[in-house]
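One-letter residues, chain by chain:
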Amino acid sequence: QQQVKQSPQSLIVQKGGISIINCAYENTAFDYFPWYQQFPGKGPALLIAIRPDVSEKKEGRFTISFNKSAKQFSLHIMDSQPGDSATYFCAASQENAGNMLTFGGGTRLMVKP
Amino acid sequence: DAGVTQSPTHLIKTRGQHVTLRCSPISGHKSVSWYQQVLGQGPQFIFQYYEKEERGRGNFPDRFSARQFPNYSSELNVNALLLGDSALYLCASSWDRGHGYTFGSGTRLTVV
């Protein structure tokens, strides 16, 4: 069964701190790993994505680390801000098979001022 | 450019009823996917349509059906509603099946 497991379920970080969210997947056919940010009442918005040919991707304060052998990937949010408080979802898909996303269970992040 | 638009934004239905949810993709996007997001969980894939044909189906009962129209807009239909169908239904569109999807804000369905 295709699954993506995400941890922790919730996370509280002080302003300026580093937020780290982890995901693990089972299906080795997955070749596209995006992270989404969702605010209450809104749909998920693509934050950053990585493909398994690289081990790290950085965009501003957001970094994805990818470990293909362990089938794990993580999101690091540097210098976390109160405006980053949202629910974060990791996901995985096969780009050449329609890119249908399998989502993790989500992490509710709260950044305290 | 307008994003993915979904209607209605909220809906309350009674068990056993039928519901139709609508989605207009971003202009130029030919692929539409539907996801169900139960409160406190990640979205679950329901259907994918590309060029008006069903290209993928998730693990949902036959009570769920969808279609895509010539203008690439889409409808999701759910028959014989159950309490467990209460969820946020998300529509996402993309240029084609191999590119990243943009999500709409969803339709909040409550079944009572």
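Residues numbered from 1 in each chain as written. Chains lettered and ligands numbered in written order. Predicted model: local features only at pLDDT ≥ 70, side-chain atom pairs only at ≥ 80, totals over all residues. Heavy atoms only, no water.

A. Quick look at the overall build of chain A. The helix and strand tally for chain A stands at 0 helices and 11 strands. Ordered by position in the sequence, the α and β elements of chain A form the string β-β-β-β-β-β-β-β-β-β-β. Taking 113 residues into account, the globule formula puts the C-alpha radius of gyration at 13 Å, and chain A, at 13 Å, falls close to it. Seen through its C-alpha atoms, chain A measures out along the principal axes to roughly 40 × 30 × 20 Å. (Helix = DSSP H or I, 4+ residues; strand = E, 2+ residues; numbered from the N terminus. Rg over C-alpha atoms; globule rule 2.2 N^0.38 Å.)

B. Layout of the interface of chain A and chain B. Contacts between the two partners involve 17 residues from chain A and, on the opposite side, 20 residues from chain B. Counting the surface chain A buries against chain B, the share from its top three residues, A:Pro44, A:Met100 and A:Phe103, is 32%. Our count for the contact surface shared by chain A and chain B stands at 0 salt bridges. Inspection of the chain A/chain B interface yields 2 residue pairs in polar contact (both at pLDDT 80 or more). Classifying every residue of the side of chain A that touches chain B gives 8 nonpolar, 7 polar and 2 charged. (Contact = heavy atoms within 4.5 Å. Buried area = accessible area lost by both parts, 1.4 Å probe. Salt bridge = Lys/Arg side-chain N within 4 Å of Asp/Glu carboxyl O. Polar contact = N/O pair within 3.5 Å; in protein donor to acceptor, adjacent residues only side chain to side chain. Nonpolar A, V, L, I, M, F, W, Y, C, P; charged D, E, K, R; others polar.)

C. Just a nonpolar patch on the surface, in detail. Residue and element names in this part refer to chain A. Among the surface-exposed residues, Ile18, Ile20 and Met78 lie close enough to one another that they form a single nonpolar patch of about 240 Å² accessible area. Tracing the sequence through the fold places methionine 78 in the loop between strand 8 (72-77) and strand 9 (86-92). The exposure class of methionine 78 is partly exposed, given its relative accessible area of 33%. (Patch = residues over 30% accessible without salt bridge, like charges linked within 9 Å, V, L, I, M, F, W, Y side chains within 5 Å. Areas by Shrake-Rupley, 256 points an atom, 1.4 Å probe, with all protein chains shown as cover. Buried < 20%, exposed > 50% of the residue type's maximum accessible area, 1.4 Å probe, protein only.)

D. Focus on the side chain of A:Gln38. Among the structural elements, A:Gln38 can be located in strand 4 (residues 33-38). Only 2.8 Å separates the side chain of A:Gln38 from the backbone oxygen of A:Lys42, close enough to count as a polar contact. Within the structure, A:Gln38 has its side chain in polar contact with the side chain of B:Gln37 (distance 2.9 Å).

E. Spatial organisation of unusual backbone geometry. Cis rather than trans, the peptide bond between A:Ser7 and A:Pro8 has omega equal to -5 degrees. Structurally, the position occupied by A:Pro8 is in the loop between strand 1 (4-7) and strand 2 (10-14). In this structure, B:Pro8 follows B:Ser7 across a cis peptide bond, with omega equal to -10 degrees. Along the chain, B:Pro8 falls in the loop between strand 1 (5-7) and strand 2 (10-13). Positive phi is not limited to glycine here, since A:Lys71 has a value of about 55 degrees.

F. Quick look at the packing of aromatic side chains. Evaluation of the coordinates by the stated rule reveals 17 aromatic pairs over all chains. Judged by centre distance (5.7 Å) and plane angle (90 degrees), the ring pair of A:Phe103 and B:Tyr35 falls under edge-to-face. Residue A:Phe103 is located in strand 10 (residues 102-103), and its partner B:Tyr35 is located in strand 4 (residues 31-37); the two belong to separate chains. On the accessibility criterion, A:Phe103 (8% relative accessible area) is buried. (Phe/Tyr/Trp six-rings, centres within 6.5 Å; stacked < 30°, edge-to-face > 60°.)

G. Main features of the pattern of salt bridges. Residues and elements named next belong to chain A. Inspection of the entire model under this criterion finds 9 salt bridges over all chains. Measuring nitrogen to oxygen at the nearest pair gives 2.7 Å for the salt bridge that ties glutamate 95 to arginine 51. Within this pair, whereas glutamate 95 is found in the loop between strand 9 and strand 10, its partner arginine 51 is found in the loop between strand 5 (45-50) and strand 6 (56-59), the two being separated by 44 residues in sequence. Since its relative accessible area comes to 19%, glutamate 95 is described here as buried. By relative accessible area, arginine 51 is classed as partly exposed at 37%. Glutamate 59 serves as the salt-bridge partner of lysine 57, at 3.6 Å between the closest nitrogen and oxygen. Taking relative accessible area as the criterion, lysine 57 reaches 30% and is therefore assigned partly exposed. A residue is classified by how much of its surface remains accessible, and glutamate 59, at 37% relative accessible area, is partly exposed.

H. Examining the sheet that holds strand 1 of chain B more closely. Residue and element names in this part refer to chain B. With respect to topology, 4 strands assemble into an open sheet ordered 1-3-8-7, the strand pairing being antiparallel. Two strands close off the open sheet at either side, each with one partner strand: strand 1 and strand 7 (64-68). Strand-to-strand twist of the sheet, defined as the mean angle between neighbouring strand axes without regard to direction, takes the value 15 degrees. Pairing of strand 3 (residues 19-24) with strand 8 (residues 74-78) involves 5 bridges; the strand directions are antiparallel. Note that in strand 8 the partner of leucine 21 across the bridge is leucine 76. (Pairing = 2+ DSSP bridges. Axes fitted to C-alpha atoms, helices over the stretch in contact; angles between N-to-C directions.)

Honestly, it's all geometry; don't read function into it.
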